[in-house]
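Coordinates in review
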Amino acid sequence: MPTIVFANSKGGVGKTTSALALAQVLVRSNASVALLDADPNQPIKAWASRDPSRVPGLLTVVPDVSESSILDAIDREAQRNAFVFVDLEGTANLAVSYAIGRADVVIVPMRGSQLDADQTTRVIALIQREEQAYRRRIRHAVLFTATSPAIRSRDLAHLRQELEANGVFCLPTELTERAAFRAMMQFGGTLYDLSGAEVHNPEAAIENAEAVAAAVIDLIANKKEPNNGRAA
Ligand SMILES: Nc1ncnc2c1ncn2[C@@H]1O[C@H](COP(=O)(O)OP(=O)(O)OP(=O)(O)O)[C@@H](O)[C@H]1O
Ligand SMILES: [Mg+2]
């Protein structure tokens, strides 16, 4: 079943947060998801251990995925689950290359800064080299993360335009900056477990994560044909 890889060699752009939030949304809609932790820092494993009782039954966390085990882990979990998500380290290494090579979709999270855009361009170039190496299209899209009204407007529109002018598809929905996304990582459990007493407006974060998940599903279902700059 589809493998969705979250990759960006820039650190702190929201790979783990978006992988975890979107996995929670899919599990909530009764799909089984394996979430592979291929970051040596093991942020997903740490999240799961914070409150194991609140890790949903349909979510399988696979920790300690390394360069030598990642291909086997993806193939094995793809047999068993409706979706496989891969959270990668914020660097370029062989595990990143292997995961991209196996991906049905690569999501490239980035914050709305020019620095992030430059790094994103490098990741996209890596994906394109892998397309060439494997002689297949590897669907990919940029996901703007941690956006806020302060940066959403002009800067983001400009970055989006610049990327799209270079043939890079950007998801229409952004993961907005919300305390609930931080709280989910910090306390364990899912977005759906957070109460209004713990964090401001968890419902808005849930609604946002669900909208982003829907955009990713659209991409997988090929409803929109982002040609990533080339003829389909
Ligand atoms: N949408 C968001 N709203 C609020 N905080 C966010 C959001 N996205 C990410 N963050 C915060 O930004 C920090 C970095 O996010 P995250 O760990 O997801 O990035 P990453 O790309 O996985 O980093 P790394 O490269 O280190 O693995 C974390 O503290 C996280 O809580
Ligand atoms: Mg991470």
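Looking at an unreviewed UniProt entry, one finds the protein chain named Chromosome partitioning protein ParA and attributed to Chelatococcus daeguensis.

When helices and strands are tallied, the protein chain shows nine helices and seven strands. Dimensions of the protein chain, computed from C-alpha atoms along their principal axes, come out at roughly 45 × 45 × 30 Å. Once local pairs closer than 6 in sequence are excluded, the contacts in the protein chain between residues at least 24 apart make up 76%. About 10400 Å² of surface is accessible on the protein chain, with carbon and sulfur atoms providing 49% of the total. Between the centroid of the 24 positive side chains of the protein chain and the centroid of its 27 negative side chains there is a distance of 3 Å.

Following both chains from N to C, one finds helix H1 (residues 15-28) and helix H2 (residues 43-50) inclined at 50 degrees, their axes separated by 10 Å at the closest point. Between H1 and H2, the angle falls in the class oblique. Like other packed secondary-structure pairs, H1 and H2 cross with a definite hand, here right-handed. Contact with H1, carried on its side by Thr16, Leu20 and Gln24, involves Pro43, Ile44 and Trp47 of H2 and no other residues of that element.

The subject of this paragraph is the pairing of strand S4 (residues 83-88). For S4, the buried fraction is high: six of the six residues fall into the buried class. Neither face of S4 is open: one carries Phe83, Phe85 and Asp87, the other Val84, Val86 and Leu88, and all of them are buried. Inspection of the sheet shows strand S1 (residues 3-6) paired to S4 by four bridges, in the parallel sense. Within the sheet, the bridge partner assigned to Thr3 lies in S4 and is Val84.

Before going further, it helps to spend a moment on the sheet that holds strand S5 (residues 105-110). Reading across the sheet, the seven strands line up as S3-S2-S4-S1-S5-S6-S7 and stay open at both edges, with parallel pairing between neighbours. Of all strands in the sheet, those bounded by a partner on one side alone are strand S3 (59-62) and strand S7 (175-176). Note: S1 against S5, three bridges, orientation parallel. Following the sheet pairing, Phe6 is matched in S5 by Ile107. Each of strand S2 (33-38), S3 and S4 touches H2; the most contacted strand, S3, lies at about 125 degrees to it. Against the sheet, helix H4 (residues 94-102) contacts S1, S4 and S5, and its axis sits at roughly 155 degrees relative to S4.

Below, the discussion takes up the nonpolar core. Grouped together as the largest cluster of nonpolar side chains are 43 residues, with contacts concentrated most on Val33, Leu35, Phe85, Ile107, Leu171 and Leu191. Setting aside its immediate chain neighbours within four residues, Val33 contacts Ala23, Leu26, Val27, Leu58, Leu59, Thr60, Asn81, Phe83 and Phe85. In terms of nonpolar packing, the next biggest core, distinct from the first, is built from 35 residues, Val5, Ala34, Val96 and Leu163 among them.

Empty space within the largest pocket amounts to approximately 290 Å³. The wall of the largest pocket is formed by 16 residues, among which Gly14, Thr17, Arg111, Ala146 and Phe181 lie closest to the centre. Listed by contribution, the elements that provide at least two residues to the lining of the largest pocket are H1, strand S6 (139-147), S7 and helix H8 (179-187). Broken down by class, the residue content of the lining of the largest pocket amounts to five nonpolar, six polar and five charged.

This paragraph deals with helix H3 (residues 70-80). Side chains of residues three or four places apart in an α-helix project in the same direction, reflecting 3.6 residues per turn. Along H3, the residues that are buried comprise Ile70, Ala73, Ile74, Glu77 and Ala78. The arc that holds the buried residues of H3, viewed along the axis, is 125 degrees, so those residues lie on one side. Turned more than 90 degrees off the buried face of H3, the exposed positions are Asp72, Gln79 and Arg80. At its buried positions, H3 is contacted by S1, S2, S3, S4 and H4.

About the thresholds
- Residues numbered from 1 in each chain as written.
- Chains lettered and ligands numbered in written order.
- Predicted model: local features only at pLDDT ≥ 70, side-chain atom pairs only at ≥ 80, totals over all residues.
- Heavy atoms only, no water.
- Helix = DSSP H or I, 4+ residues; strand = E, 2+ residues; numbered from the N terminus.
- Contact = heavy atoms within 4.5 Å.
- Areas by Shrake-Rupley, 256 points an atom, 1.4 Å probe, with all protein chains shown as cover.
- Lys, Arg positive; Asp, Glu negative; His and termini not counted.
- Charge placed at Lys NZ, Arg CZ, Asp CG, Glu CD.
- Axes fitted to C-alpha atoms, helices over the stretch in contact; angles between N-to-C directions.
- Parallel < 35°, antiparallel > 145°, perpendicular 65-115°, else oblique.
- Left-handed = near helix turned anticlockwise from the far one by under 90°.
- Buried < 20%, exposed > 50% of the residue type's maximum accessible area, 1.4 Å probe, protein only.
- Pairing = 2+ DSSP bridges.
- Core = buried A, V, L, I, M, F, W, Y, C linked by side-chain atoms within 4.5 Å.
- 1 Å grid on protein atoms, 1.4 Å probe; cavity = no way out; pocket = protein on both sides within 12 Å on 5 of 7 lines; lining within 4 Å.
- Points joined across faces, edges and corners; volume = space filled by probe spheres on them.
- Nonpolar A, V, L, I, M, F, W, Y, C, P; charged D, E, K, R; others polar.
- Arc of directions from axis to C-beta.

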